Amino acid sequence: FNHNFPEKTFGEKGSFIPSVNVTEDEKEFKLEIAVPGFEKTDFDVQVEKEFFTVSGKKEPKTEVKEKNYTRKEFSYSNFKRTFTLPENVETANISAVYENGILHVALPKKEVKADVAVKKIDIK
């Protein structure tokens, strides 16, 4: 039975991989991460060395109500995405805004100086 269907590997229960749009202009890289249903306090955004990681965890809120549910499927969800940053990203000035289900991340560019000096090498 397993031979007829491709094997899929899923992470921990409730995890998913959000879609990400990446754009670039002369000033910055921009990430748009689709994560509807989250709140800004649900996110953890970190930079470590050349890696940029965005994760989110939405846990269910416990509410006791006197309703008769035929079926109740509310549950938690979480994700984690890690990106390798280009050398020209100014990590100290990265910013993020969550709006209408989209996490907008701005990764400003820094000027990378090219080594254009010519150096003569003596042959010995």
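First, a word on what this report is: a plain description of the structure on this page.

Conventions we followed
Residues numbered from 1 in each chain as written. Predicted model: local features only at pLDDT ≥ 70, side-chain atom pairs only at ≥ 80, totals over all residues. Heavy atoms only, no water. Pairing = 2+ DSSP bridges. Helix = DSSP H or I, 4+ residues; strand = E, 2+ residues; numbered from the N terminus. Axes fitted to C-alpha atoms, helices over the stretch in contact; angles between N-to-C directions. Phe/Tyr/Trp six-rings, centres within 6.5 Å; stacked < 30°, edge-to-face > 60°. Buried < 20%, exposed > 50% of the residue type's maximum accessible area, 1.4 Å probe, protein only.

## A short note on the sheet that holds strand β6 (residues 95-99)
Two modes of strand pairing occur in sheets, parallel and antiparallel, and in both the strands are linked by backbone hydrogen bonds.
Point 1. The strand order β1-β2-β7-β6 describes an open sheet built from four strands, whose pairing is antiparallel. Of all strands in the sheet, those with a lone pairing partner are β1 (20-24) and β6, marking the two edges. On average, each strand axis in the sheet is inclined to that of its neighbour by 15°, with strand direction left out of account.
Point 2. In this sheet, strand β7 (residues 102-108) lies alongside β6 in antiparallel orientation, the contact comprising five bridges. Each residue of the ladder has a partner; that of Glu-99, found in β7, is Ile-102.

## A short note on the packing of aromatic side chains
In this description, a pair of aromatic rings is defined by centroid distance and the angle of the planes.
Point 1. For the structure on display, the rule yields seven aromatic pairs.
Point 2. Summarising the aromatic geometry, the rings of Phe-16 and Phe-79 are spaced 5.6 Å apart at their centres and angled 55° between planes, so their arrangement reads as tilted. Of the two residues, Phe-16 is situated in the segment before β1 and Phe-79 in strand β5 (residues 77-84); the sequence distance between them amounts to 63 residues.
Point 3. Aromatic pair Phe-38 and Phe-43: ring centres 5.6 Å apart, planes at 25°, arrangement stacked. For the pair Phe-38 and Phe-43, one class covers both residues: buried.

Everything listed here is a matter of coordinates, which is why it stays silent on function.
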